[in-house]
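# Fold and contact review
What follows is each chain in one-letter form.
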Amino acid sequence: MLSYQHAYHAGNLADLHKHALLASAMEYLTRKDKPLSYLETHAGRGLYRLDGAEARKTGEAAAGIERALAEGWLPADHPLMRALHAIRATRGPDSYPGSPLIAAHFLRPDDRAYLAELHPAEHDALWQISGFATLHQRDGFEMAQAVCPPNPRRGMLLIDPSFEVKTDYADIPRHIAKIVRKWNVGVIALWYPILTDERHLPMTRALMADHPDALSSEVRFPPARPGHAMVGSGMWILNAPWGLADEARSLETIFAERA
Ligand SMILES: C[S@@+](CC[C@H](N)C(=O)[O-])C[C@H]1O[C@@H](n2cnc3c(N)ncnc32)[C@H](O)[C@@H]1O
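Predicted model, so just to flag it, every value in this text is computed and none were measured. (Residues numbered from 1 in each chain as written. Predicted model: local features only at pLDDT ≥ 70, side-chain atom pairs only at ≥ 80, totals over all residues. Heavy atoms only, no water.)

## Notes on the overall build of the chain
Stated formally: Going along the chain from the N terminus, every DSSP run of H or I of four or more residues is numbered as a helix, and every run of E of two or more is numbered as a strand. C-alpha atoms define the radius of gyration in this analysis, and the globule rule sets the expected value at 2.2 Å times the number of residues to the power 0.38. Exposure is judged per residue with a 1.4 Å probe applied to protein chains only, and the accessible area is read against the type maximum: over 50% gives exposed, under 20% gives buried, and values in between give partly exposed. Areas reported as accessible are Shrake-Rupley estimates using a 1.4 Å probe. Residue values count occlusion only from the protein chains shown. Counting rule for charge: Lys and Arg are taken as positive, Asp and Glu as negative, and neither His nor the chain ends is counted. Note that the charge is assigned to NZ on lysines, CZ on arginines, CG on aspartates and CD on glutamates.
Along the chain, the regular secondary structure elements total 10 helices and nine strands. In terms of C-alpha radius of gyration, the chain reaches 17 Å, essentially the compact-globule figure of 18 Å for 259 residues. For the chain, the spread of C-alpha atoms along the principal axes amounts to about 40 × 40 × 40 Å. Here the chain holds 259 residues, and the buried ones make up 55% of them. When the accessible surface of the chain is summed, it comes to about 11700 Å², and 52% of that surface belongs to carbon and sulfur atoms. One finds the centroid of the 28 positive side-chain charges in the chain at a distance of 3 Å from the centroid of its 31 negative side-chain charges.

## Observations concerning the site of the ligand
The line we're drawing: One heavy atom suffices: a residue is near a molecule or strand as soon as one of its heavy atoms comes within 4 Å of it. Any pair of N or O atoms that falls within 3.5 Å is considered a polar contact. Within protein, one atom must be able to donate a hydrogen and the other to accept it, and sequence-neighbouring residues count only if both atoms are side-chain atoms. As a working rule, the residues Ala, Val, Leu, Ile, Met, Phe, Trp, Tyr, Cys and Pro are called nonpolar, Asp, Glu, Lys and Arg charged, and the rest polar, with Gly in that last group.
In the region of the ligand, 20 residues are neighbours, and H19, S99, E117, D139 and D160 sit closest. At 3.0 Å from a nitrogen atom of the ligand is found a main-chain nitrogen or oxygen belonging to H42. One of the side-chain nitrogen or oxygen atoms of D139 is found 2.7 Å away from a nitrogen atom of the ligand. For the ligand, the protein covers 95% of the area, taking 600 Å² as the surface of the free molecule. Of the residues belonging to the shell around the ligand, the class tally is four nonpolar, 10 polar and six charged.

## Quick notes on the packing of aromatic side chains
Stated formally: Only centres within 6.5 Å qualify two rings of Phe, Tyr or Trp (six-membered ring in Trp) as a pair; their planes then separate them into stacked at under 30 degrees, edge-to-face at over 60, and tilted for everything else. Sitting over a ring, as applied to charges here, requires NZ of Lys or CZ of Arg to be within 6 Å of the ring centre and within 35 degrees of the ring normal.
Summed over all chains, the structure comprises four aromatic pairs. Ring centres 4.6 Å apart and planes at 20° place the aromatic pair F163 and Y169 in the stacked group. Relative accessible area serves as the criterion here: at 11%, F163 is assigned to the buried category. Y169 sits in the buried class, given a relative accessible area of 9%. A network of ring pairs unites the aromatic residues W73, F221 and F255 as a single cluster. Above the ring of W191, the side-chain terminus of K18 is found at 5.5 Å from the ring centroid.

## Things to note about the pairing of strand β6 (residues 155-159)
Our working definition: Pairing between strands is defined by DSSP: at least two bridges between the two strands are required. With the strands pointing away from the viewer, any crossover whose connection runs clockwise from the first strand over the helix to the second is right-handed.
β6 sits mainly inside the fold: five of its five residues count as buried. Burial of β6 is two-sided: the residues G155, L157 and I159 facing one way and the residues M156 and L158 facing the other way are all buried. In the sheet, strand β1 (residues 37-40) pairs with β6 via four bridges, with the strands oriented parallel. What sits directly across from S37, in β6, is G155. Pairing of β6 with strand β7 (residues 187-195) involves four bridges; the strand directions are parallel. Paired with L158 across the two strands is A189, which belongs to β7. In this region the chain leaves β6, passes through helix α8 (residues 168-182) and returns to the parallel neighbour β7; the handedness of that crossover is right-handed.

## Considering the pattern of salt bridges
The criterion, for reference: The working definition used for a salt bridge is a side-chain nitrogen of Lys or Arg within 4 Å of a carboxyl oxygen of Asp or Glu.
Under the counting rule described, the total for this entry stands at 13 salt bridges. Its salt-bridge partner being E27, residue R31 comes within 3.0 Å of it at the nearest N-O pair. Classification of R31 by relative accessible area gives exposed; the value is 55%. Ionic pairing is found between D51 and R49, a salt bridge with its closest N-O pair at 3.0 Å. Classification of D51 by relative accessible area gives partly exposed; the value is 30%. Judged by its relative accessible area of 45%, R49 falls in the partly exposed class. What emerges from the salt-bridge pattern is a single network uniting D15, K18 and D160.

Structural data, given as structure tokens:
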């Protein structure tokens, strides 16, 4: 039974880190005049309302994207800022795009997108706005195994689990190893929370041992509520596009100085 709903957390500081790297990666990948595939295992509903009850209840977007916008953390020409402003121009000033819509902002007519979302209500909401993609209501890792290697073969996979299942941390390196065996040229990005009890550490150590050349970016921020276990955000990226390491270092500096 899935209980996580991203509407309570959309636009928080973890989303800012993850979505800034996603938008930058998509911007780099779509500079080349060759079609690509975009895959996502845990897509969410794709579009959120920051004036909705969920966002207001937690205040995470106010402390995240809204604060970052007010304080100018990212330059106006940053790929995430460009995507956000374009999406807000059509979806409304209080909207916040999830990763599928951010990726879609960069996709061109010959590119393909494959999205998985298991939760029925989240899947139905995503269905309303994902005409650009092939949508699966199934386990995201199953979808990735079925679709990889995708056609076109160039492209990116985002893995953004809610980590509700206790075994996720132990299983993810094995899932990624199977995907890489089928699709060794894909850009594979995994988001994970940095937790006070360091539950994520065996997973990140296993991934780095398997793929020492992968890019790892971690940022820290105050917990959303006193005692909350998440104190930072991590992105692990295999086959990162050229330029993404510089973007990761720049984001780490911004978070260290401002968050
Ligand atoms: C962190 S949210 C995704 C947020 C989204 N990637 C974004 O950045 O906008 C994780 C989503 O995964 C979904 N989910 C959980 N387990 C899943 C599974 N096994 N396969 C596919 N989706 C799953 C949840 O319902 C939730 O909507």
